[in-house]
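Survey of secondary and tertiary structure
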Amino acid sequence: MVIDLGTFYDLPRQFDRIFDEFFRPSVISQKRIAYPPINIYEDDDKIYVYSELPGLEIEDIELTLTDGSLVLKGERKIEQGNYYRQERPTGVFQRIINLNVPIDADNIKAKMKNGLLEIILPKSTANKPKKIEIESN
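These remarks concern the structure in this document. (Residues numbered from 1 in each chain as written. Predicted model: local features only at pLDDT ≥ 70, side-chain atom pairs only at ≥ 80, totals over all residues. Heavy atoms only, no water.)

**A closer look at the overall build of the chain**
Definition in use: In DSSP terms, a helix is any run of H or I states spanning at least four residues, a strand is any run of E spanning at least two, and both are numbered starting from the N terminus. Buried residues are those whose accessible area, probed at 1.4 Å on protein chains only, stays under 20% of the maximum for their type, while exposed residues exceed 50% and partly exposed ones sit between those limits. Pairs of residues are marked as contacts when any of their non-hydrogen atoms sit within 4.5 Å.
Summing up its helical and strand segments, the chain has 3 helices and 7 strands in all. Ordered by position from the N terminus, the helices and strands of the chain form the series α-α-α-β-β-β-β-β-β-β. For the chain, the proportion of its 137 residues judged to be buried stands at 21%. Put simply, of all contacts in the chain between residues at least 6 apart along the chain, 48% involve residues at least 24 apart.

The following block contains the structure:
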């Protein structure tokens, strides 16, 4: 009986090849990233969402508040031409932001300036904690 150990001895080189391919810059740059990039923070009364949308018009963006989520949809139209390199994403996009608190839908504000979309989501006062005074007898 002959046992071939060639594959076993070649294992370190195969691992090196896998790691080299994984960490090549071209592979990393081709990985899909969430678009558009967003920042989310909150204070006691509001949730703030900022999204970078350079080159888009307000007409290309749709905001919807659903039950517990903010949906940001849009489309970056493809510019015609012969590209040598194209790094800016094009096409339809959608981001769903799960909100962990009830929102006062009637007072949401959104504005866009210089490609930065700012969304202010006021938290609903109906579910805010209320301090209860304890009486003594």
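**A closer look at the nonpolar core**
Quick reminder of the rule: As used here, the term nonpolar core means buried Ala, Val, Leu, Ile, Met, Phe, Trp, Tyr and Cys residues forming a set that is joined through side-chain atoms within 4.5 Å.
Ranked by size, the top nonpolar core spans 16 residues in total, and within it V49, L53, L70, L99 and L121 carry the most contacts. When contributions to this core are tallied by element, the ones reaching two or more residues are strand 2 (46-52), strand 4 (69-76), strand 5 (91-98) and strand 7 (116-122). The element best represented in this core is strand 7, accounting for 3 residues. Filtering out sequence-adjacent residues up to four positions away, L53 remains in contact with Y35, P36, I61, R76, F93, M112, G115 and L117.

**Topic: the pattern of salt bridges**
Applicable threshold: Salt bridges are defined as contacts in which a side-chain nitrogen from Lys or Arg sits within 4 Å of a carboxyl oxygen from Asp or Glu.
One pass over the structure, following the stated rule, counts 4 salt bridges. Between K77 and D60 there is a salt bridge, with the nearest N and O atoms lying 3.2 Å from each other. With K77 in the loop between strand 4 and strand 5 and D60 in the loop between strand 2 and strand 3 (61-66), this residue pair connects regions lying 17 residues apart in the sequence. By relative accessible area, K77 is classed as exposed at 52%. The shortest N-O distance in the salt bridge between K111 and E118 comes to 3.6 Å.

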